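Fold and geometry: a report
Below, each chain spelled out in residue letters.
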Amino acid sequence: RQEKQYYQRSLSIVESSSERRKHVLLDILRRWGTSYRDFVRKNQMTLELCDEAVSRILFWAPHATDEEEVCSSADRIREVLYGFLSLHRMAMDLAFQDRIENSYGATLRQDSAEPKAALVPPTLIRIALTAAQGVMPTFLELSRSSSDSNHNRRRRAVVRLYFERIKFLLRMVLVVSYWKEVLPGHNANKNYGIDMSQTEAVCGLMRDGGMYSAQTDAITVPTTRDERVRLQRQNYVGVRTGRRLGSPPHFVDTLTSTQRTIKTILGEFLHMYRPLYWANVERQQATLSRRNNDNSSSRKLWMSWIVALGMDLASLGCLSSVTSGMKERSPSREELKRRRMRIFLYLLRAPVWHRLTHPNIQRVVALIQRVPLLGKLIETYIWDLVLYWKHPFFLEE
């Protein structure tokens, strides 16, 4: 009995000490957060000017034009600095907010003021997603352990694959919680007293890959209820004329609620899975290069490039039919337009970069160099612009 009492007393002392350390740690973090917020608010103009200056210096600094995609040390440092710059911008955005609103970052807000289906606050997930994107270049640089380029390439491919898995998991948790909130069967007030047989499956798209941005969240977006009501009016068929009074002549909404749900889920899943798929392809290519099987590696790389492009095109096709009835300048249509423009980035990925894009750019640049006085300047600008978007921090979401 005495031993038991001694053990319980020792356990209570350990628990109290651990609780004390926990409270001390939380108090330190709280004080640090308060000090940082006060510092940012006091020096807002200076910090914004420094941010803009660093961003412009990183953009205009010369890029390496290595055809073999072996980044120079300056390019790798640029990637790391861009990552820290994005983290600094996110920290400043958070410091200026007294109350951080829980938002999924979608093009259509949920009907309720606060998310109900999310086990984890959606804004916290988006902050973690942005942080993972920001620190990834640093971990990729730390993975370099030797002068062997093939060994470093394999290590970087493995590290990037781990980060893409983390980002894919965070995006899935975010978007599934959002789907539970807005899709039919989860919204308790989905009908709102009107017939929604054709338009009840209204769902927004994840903006900017789910990344957190105070500027993006500040843009007012309609709720899913507003969009349902608008589509209901647009699809209204006149009793006397039998015509759709609110629809443009080229638009006829024939999708059922089930079809909308399936296409929305499939389109968003393909869009989120493609970066993870391509990261796995790069890891496999690094393994094949170690075995010196060039023919097999090149063939698989071309097939993987076609599959990745097919994923993005299929995603755009599914989501285009879902958003075709929305307004031309609606947030959903703008997000879909942004994703369409990113299709051109496939020209900067291997193997198209080596076989098509890079040789043609060299031919164009060779002609531009003949222009008196401005030839060299235009050549530098073209290479800087192309290689700026070719870096992984901008090429992938």
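In what follows, the accompanying structure is described. (Residues numbered from 1 in each chain as written. Predicted model: local features only at pLDDT ≥ 70, side-chain atom pairs only at ≥ 80, totals over all residues. Heavy atoms only, no water.)

**A look at helix H4 (residues 122-142)**
- For H4, with 21 residues, the first-to-last C-alpha span of 30 Å sits near the 30 Å given by 1.5 Å per residue.
- At Val135, H4 shows its maximal bend, which comes to roughly 35°, and the proline Pro137 appears one to four places after that position. (Helix = DSSP H or I, 4+ residues; strand = E, 2+ residues; numbered from the N terminus. Expected span 1.5 Å × (residues − 1). Bend = angle between axes of the 7 residues up to and from the residue.)

**Some points on the side chain of Arg160**
- Within the secondary structure, Arg160 sits in helix H5 (residues 149-182).
- Since its relative accessible area comes to 6%, Arg160 is described here as buried. (Buried < 20%, exposed > 50% of the residue type's maximum accessible area, 1.4 Å probe, protein only.)

**Considering the packing of helix H3 (residues 73-95) against H4**
- Across the interface, H3 lies against H4 with an axial gap of 8 Å and an inter-helix angle of 155°. Looking at the two axes, H3 sits roughly antiparallel to H4. The two elements H3 and H4 cross, and the hand of that crossing is left-handed. Mapping the contact onto sequence places Arg76, Glu79, Val80, Gly83, Phe84, Ser86, Leu87, Met90 and Leu94 in H3 and Ile127, Thr130, Ala131, Gly134, Val135, Pro137, Thr138 and Glu141 in H4.
- Across the contact of H3 with H4, the residue classes break down as nine nonpolar, five polar and three charged. (Axes fitted to C-alpha atoms, helices over the stretch in contact; angles between N-to-C directions. Parallel < 35°, antiparallel > 145°, perpendicular 65-115°, else oblique. Left-handed = near helix turned anticlockwise from the far one by under 90°. Contact = heavy atoms within 4.5 Å. Nonpolar A, V, L, I, M, F, W, Y, C, P; charged D, E, K, R; others polar.)

**Focus: the packing of helix H2 (residues 44-60) against H3**
- Here H2 crosses H3 at 155°, and the two axes come no closer than 11 Å. Here H2 is positioned roughly antiparallel relative to H3, judged by the angle of their axes. Handedness of the H2/H3 crossing: left-handed. Counted together, Leu47, Glu48, Asp51, Val54, Ser55, Leu58 and Phe59 of H2 and Arg78, Leu81, Tyr82, Leu85, His88, Arg89 and Met92 of H3 form the full contact between these two elements.

**Here's the deal with the packing of aromatic side chains**
- Inspection of every chain in the model, using the stated rule, returns nine aromatic pairs.
- Ring geometry for Phe139 and Phe163: centres 5.3 Å apart, planes at 55°, overall tilted. Of this pair, Phe139 sits in helix H4 while Phe163 is found in helix H5, placing the two residues 24 residues apart along the sequence.
- When its relative accessible area of 10% is taken as the criterion, Phe163 is described as buried.
- Both rings, one in Tyr273 and one in Tyr277, keep their centres 6.4 Å apart while their planes meet at 40°; by these two values the pair is tilted. Taken as a pair, Tyr273 and Tyr277 lie in helix H8 (residues 257-290) at a separation of four residues, close to a single helical turn.
- Linked through ring pairs, Phe168, Phe269, Tyr273 and Tyr277 together constitute an aromatic cluster.
- The side chain of Arg349 reaches across the aromatic face of Tyr346, ending 4.4 Å from its centre. (Phe/Tyr/Trp six-rings, centres within 6.5 Å; stacked < 30°, edge-to-face > 60°. Lys NZ or Arg CZ within 6 Å of the ring centre and 35° of its normal.)

**Things to note about the pattern of salt bridges**
- Tallied over the full model, the rule gives eleven salt bridges.
- Of the charged contacts in the structure, one is a salt bridge between Glu282 and Arg160, with a shortest N-O distance of 2.5 Å. Residue Glu282 is located in helix H8, and its partner Arg160 is located in helix H5; the two are separated by 122 residues in the primary sequence.
- Residue Glu282 is classed as partly exposed on the basis of its relative accessible area, which comes to 30%.
- Among the salt bridges present, the one from Arg274 reaches Asp312, with a minimum N-O distance of 3.4 Å. Of this pair, Arg274 sits in helix H8 while Asp312 sits in helix H9 (residues 294-323); the two residues are 38 residues apart in sequence, bridging distant segments of the chain. (Salt bridge = Lys/Arg side-chain N within 4 Å of Asp/Glu carboxyl O.)

**A word on empty space enclosed by the protein**
- Overall, the coordinates contain three cavities of 30 Å³ or more when judged by the stated rule.
- Space inside the largest cavity adds up to approximately 130 Å³.
- Forming the boundary of the largest cavity are eleven residues, of which His271, Arg274, Asp312, Arg339 and Arg342 lie nearest the centre.
- Mapped by element, the contributors of at least two residues to the lining of the largest cavity are H8 and H9. (1 Å grid on protein atoms, 1.4 Å probe; cavity = no way out; pocket = protein on both sides within 12 Å on 5 of 7 lines; lining within 4 Å. Points joined across faces, edges and corners; volume = space filled by probe spheres on them.)

**Section: unusual backbone geometry**
- Backbone torsion omega between Ala350 and Pro351 reads 5°, so that peptide bond is classified as cis.
- By the secondary structure assignment, Pro351 is in the loop between helix H10 (331-341) and helix H11 (352-368).
- Its identity as a non-glycine residue notwithstanding, Asp208 has a phi of 55°, on the positive side.
- Structurally, Asp208 is set in the loop between H5 and helix H6 (214-218).
- Relative accessible area serves as the criterion here: at 31%, Asp208 is assigned to the partly exposed category.
- For Leu373, which is not glycine, the phi torsion reads 70° and is therefore positive.
- You can see Leu373 is positioned in the loop between H11 and helix H12 (375-390).
- For Leu373, a relative accessible area of 86% gives the class exposed.

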